[in-house]
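# An overview of the molecular structure
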Amino acid sequence: MKSQELRRAWIDFWVGRGHKLLAPASLVPHEMSTTLFTIAGMEQFVPVFLGEQPAPAPRVVTVQRCLRVAGAKSDIESVGRTGRHGTFLEMLGNFSFGDYYKREAIAWAWEFVTQVLRLDPARLYVTVHTDDDEAARIWSGEVGLDPARITRFDEDNFWTMGATGPCGPCTEIFYDTGAEHASGSGDLGPNLGDRYVEIWNVVFQQYNRTADGTLEDLPRKSIDTGAGLERMLAVRNGFASMYQTDLFTDLVAAQPPIGHTTLEPREQRARQNIIADHLRSATFLINDGVYPSNTDRGFVLRFLIRRAIRNGRLLGYPDGFFSELVPAAVKSLEPGYPELGESAARITTALRQEERTFDRTLERGMTMLERVIDEAIERPGRVIGGEEAFLLHDTFGFPLELTREIAGERGAVVDTVAFDRLMEEQRERARRDASAKREVVALTDLPAMRSGFTGYDEGLEADGEVVALLKDGKPVASLSQGDEGVLILDRTPFYAERGGQIGDRGRILRTSTGSVQGSALFDVRDTQYIGEAIAHYGSVVEGEFAAGDRVRAGVFESWRREIRRHHTSAHLLQRALKEVLGDEVNQAGSWVGIARMRFDFRWPQGALTPEQRRAVAHRVNEMIRDDAHLVTRVLPLEEARNTGAIWMAGEKYGDMIRVVQAGPSIEFCGGTHSHSTGELGMFVILSESSIGSGIRRIESCVSAAAEEHTGKQSDLIGTLSASMSAAPDELLERFEKMQRDVKDLQTALGQLKARMAAVDAASYVENAQRNGDRAFVGAVVREADGEALRHLSSAIRHRLPSGVVALAGIDNGTVSLVVSTSDDLVKAGLHSGNLVKLAAPLVGGKGGGQAAMAQGGGTRTDGAQAALDAIRDAVLT
């Protein structure tokens, strides 16, 4: 059976039993998730289990991509070396939300493995939770399984996705691969070794574990099945390892021929398996909008890519091999994930860019790493210090795991305790530097709620009801005049920050209440999401607010007007970038405010040329002048994709998608927009810069902000024209002439300083102090910076072939030190750098350098002479 046949069989089986097929979630989980990546098929349904969101259907079937590289679910150490561990996996899932429960879930599981997969029932074993008599009775009494093949476990049969959240007892199905695969004589049943492979896990979701460990009943009992496609496919085909299935053999076959290597054949295949696994992970991470970086998900992706590249090097693969494997990965997985075909070029570009980056990293860092390992091997314990590992990570981009792996191959270990301490100190510094935008609200402190956004249909004002109030991040009964806090309404015209668009500002007026008399006014300074609730941050200007109050909410017209115009400009800019630079341009982020817009995009070819920049701005302004009316449609996901709209990789989209068309620009977008492109007036690029490897940033403005910017630029040009007595189109030529004149003057000044220094040098040499064959020239020079001192030092050295020259220049309240030592005295043991280090503290500073020449400085001008005296004493005594 091929992988796609198993995916299809799974879907058909459950759809035939009344299940709705849902699209898989992104590998990037919801922002409120406690996991870095999606690690289970049930993760997208956590709010449904908790009763915070309605179920998409009573019964659901999915094929969910998952990534497990960190935390309790991590299998990274075993990847490629055992037959059942990988970083990327596809989780087959069927779910019941308060519909069927244990009896049906168990019966259908048995039907699938015995009738669809046609596995031998005599080789199937199951486990249940210690206290789950009901599940045990179903297995033995209704399915007819021999009780001897039913085993009870405690923790092994209680599934939880983390420290908190939905959880419950589970029952698992195991397949006996045969005695030849046993880990030892005691490997006689499930969970005792490698012989019995788990292929199916039915979780009976009935509890919610709170932060204090308490198990609370969920609103309804549900079924959550997780069955690993890779393991199931291996068992179905009679393989001991999932790496024998087409999911991996096709990717191993696509790899280059093995070149020069010292690895044994078995180790060679393990390395090929690692490359195949990491290729699958990298392909989907980039498809879902994650790119290599030094933080969070991007760091994990970078680690996987670099680990794969290094394994390729050990196999003798040529440079650039990893990105060349993308077509093979897409061909393998596209039958189940058609969107990969659209992303192939973007994935290849991202991997090729990271390959080049890692090549430079290896060139810089491998020499140091090899030296560090050599030194560690000579020490007792063969330990690499945490400080050295941290330097490799912080300076050369070597992930700790890669350093550990390379070191381990030569028998060395890393002091991870010291490394972790240094990493935490770095994080703490970052935390101190970052200011909190707003108070943090724990979702568990609020009842499950959702606010309706009325801004699409009802304009800038809407009536609503106060459903919750917060003060200092905690729910309160009321907010009074002068209180800073948060109002949450059941419906609101205020747009909460999302998708790069900042939150609205405005006012909320109480219109009626049953308990408090008089008017009340709330000034809204920011709007954010708390879960699915729209939170209005601000202060009570007048009166008092309480839950149940009827209110009239209004957004400031000028605020919304300028934001929506700038948001529309972001869409036009992306369209223009793709037309001018090519379709490989992809949005990496954006920020939309009232006076400017920031658009980040992936473009590996570096800075835009002046011609490209002008062409982009010209194309945006063409679309503005076309004055196209914006068309907004809400469509089912597949229909929305078929419009050709641009959509952000990695974004989680619902069943219905808002598609915004502005002339030739078509995008998925939930933000607010202008009524027509002509509203924007004028588009101006303010800056274009790099913000990371292969990522560019354009800052721009439209509407009133563009008019103001253009006016200021015009005024500036007018002022310059007047002051330089030149027409505007003559300014560049006049400026270039001034630059040439300044350069000529600087050259003349340098020549003058050199001649003056030569004159002064003679008098300094005449006053040189001597002791035997050693000579010392020292002087405090007023109004002399470092450059002037170097001129003078060079002139003195020309007249004093043997000796030490020490000069202290005082200029604008600072002291510059320059020390020069002749070659014969260097050979005799004198060192200019050490002399500067000796003197610099006397001027309240520091310095150093080479033996022949060194520099330093400080801020204590009164210590200049003392500094020279200290150098003189060191030279002559």
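Now for a quick tour of the structure. Sequence order as written defines residue numbering, which begins from 1 separately in each chain. Reporting in this predicted model follows two pLDDT cut-offs: at least 70 for local features of residues, and 80 or more for side-chain atom pairs to be given and counted; totals over whole chains, interfaces and linings ignore these cut-offs and use all residues. Side-chain figures throughout are based on the complete set of non-hydrogen atoms in the structure, without hydrogens or water.

### Description of the pattern of salt bridges
Oppositely charged side chains can pair when the atoms bearing their charge come close. For this analysis, a salt bridge means a side-chain nitrogen from Lys or Arg found within 4 Å of a carboxyl oxygen belonging to Asp or Glu. Here the structure, examined in full by the defined rule, presents 53 salt bridges. Residue R560 pairs with D504 through a salt bridge whose shortest N-O separation is 2.6 Å. Placement of the pair is R560 in helix α15 (residues 557–581) and D504 in the loop between β17 (491–492) and β18 (506–512), with a sequence separation of 56 residues. Assessed through its relative accessible area of 0%, D504 is described here as buried. A salt bridge links K737 to D741, with the nearest nitrogen and oxygen atoms 3.1 Å apart. Within this pair, K737 and its partner D741 are both found in helix α19 (residues 731–766), separated by 4 residues, close to a single helical turn. What you see here is one network of salt bridges that share partners, running through E557, R561, E562, R564, R565 and E679. Secondary structure counts use DSSP, requiring at least four H or I residues in a row for a helix and at least two E residues in a row for a strand, with both numbered from the N terminus. Under the scheme applied here, a residue whose accessible area is under 20% of the maximum for its type counts as buried, over 50% as exposed, and between as partly exposed, the area being computed with a 1.4 Å probe on protein chains only.

### Regarding the packing of helix α22 (residues 832–839) against helix α23 (residues 864–876)
Running from N to C, α22 and α23 cross one another at 135°; their axes reach a closest spacing of 8 Å. By the angle between their axes, α22 is oblique relative to α23. In this structure, the crossing between α22 and α23 has a hand that is right-handed. Taking contact as the criterion, the partners of L835, L838 and A839 in α22 are, on α23, A867, A870, I871, A874 and V875. Lys, Arg, Asp and Glu make up the charged group, whereas Ala, Val, Leu, Ile, Met, Phe, Trp, Tyr, Cys and Pro make up the nonpolar group; the residues left over, Gly among them, are polar. Grouping the constituent residues of the contact of α22 with α23 by class yields 8 nonpolar, no polar and no charged. Only C-alpha atoms enter the line fits that serve as axes; for helices the fit covers just the stretch in contact. Angles between N-to-C directions range over 0 to 180 degrees. Oblique is the label for every angle not falling under 35 degrees (roughly parallel), over 145 degrees (roughly antiparallel), or within 65 to 115 degrees (roughly perpendicular). Should the near helix be turned counterclockwise from the far one by less than a right angle, the crossing is left-handed, whereas a clockwise turn marks it as right-handed. By definition in these notes, contact holds between two residues if any of their heavy atoms fall within 4.5 Å.

### As for the sheet that holds strand β23 (residues 586–592)
Any two strands are treated as partners once DSSP identifies two or more bridges connecting them. On the basis of which strands lie adjacent, the open sheet formed by 4 strands has the order β23-β24-β29-β28 and antiparallel pairing. Of all the strands in the sheet, the pair left with one neighbour each is β23 and β28 (683–692). Going from strand to strand, the sheet's axes swing by 20° on average, the running direction of each strand aside. In this structure, β23 lies alongside strand β24 (residues 597–602), joined through 6 bridges in antiparallel fashion.

### Considerations on the side chain of D483
Tracing the sequence through the fold places D483 in the loop between β15 (478–480) and β16 (484–489). According to the relative accessible area criterion, D483 is buried, its value standing at 16%. The definition of a polar contact used here is a pair of N or O atoms within 3.5 Å, where within protein one atom must be able to donate a hydrogen and the other to accept one, and adjacent residues in sequence count solely through side-chain atom pairs. Within polar-contact distance, the side chain of D483 engages the side chain of K471 at 3.3 Å. A polar contact is formed between the side chain of D483 and the backbone nitrogen of S480, at a distance of 2.7 Å. Apart from residues no more than four positions distant in its own chain, D483 is found in contact with K471, G538, S539 and V540.

### A look at the packing of helix α3 (residues 102–116) against helix α4 (residues 133–143)
Between α3 and α4, whose axes approach to 10 Å, the crossing angle comes to 50°. Taken together, α3 and α4 sit at an angle that is classed as oblique. As for how α3 packs across α4, the hand of that crossing is right-handed. Mapping the contact onto sequence places K102, R103, I106 and W110 in α3 and E134, A135, I138, W139, E142 and V143 in α4.

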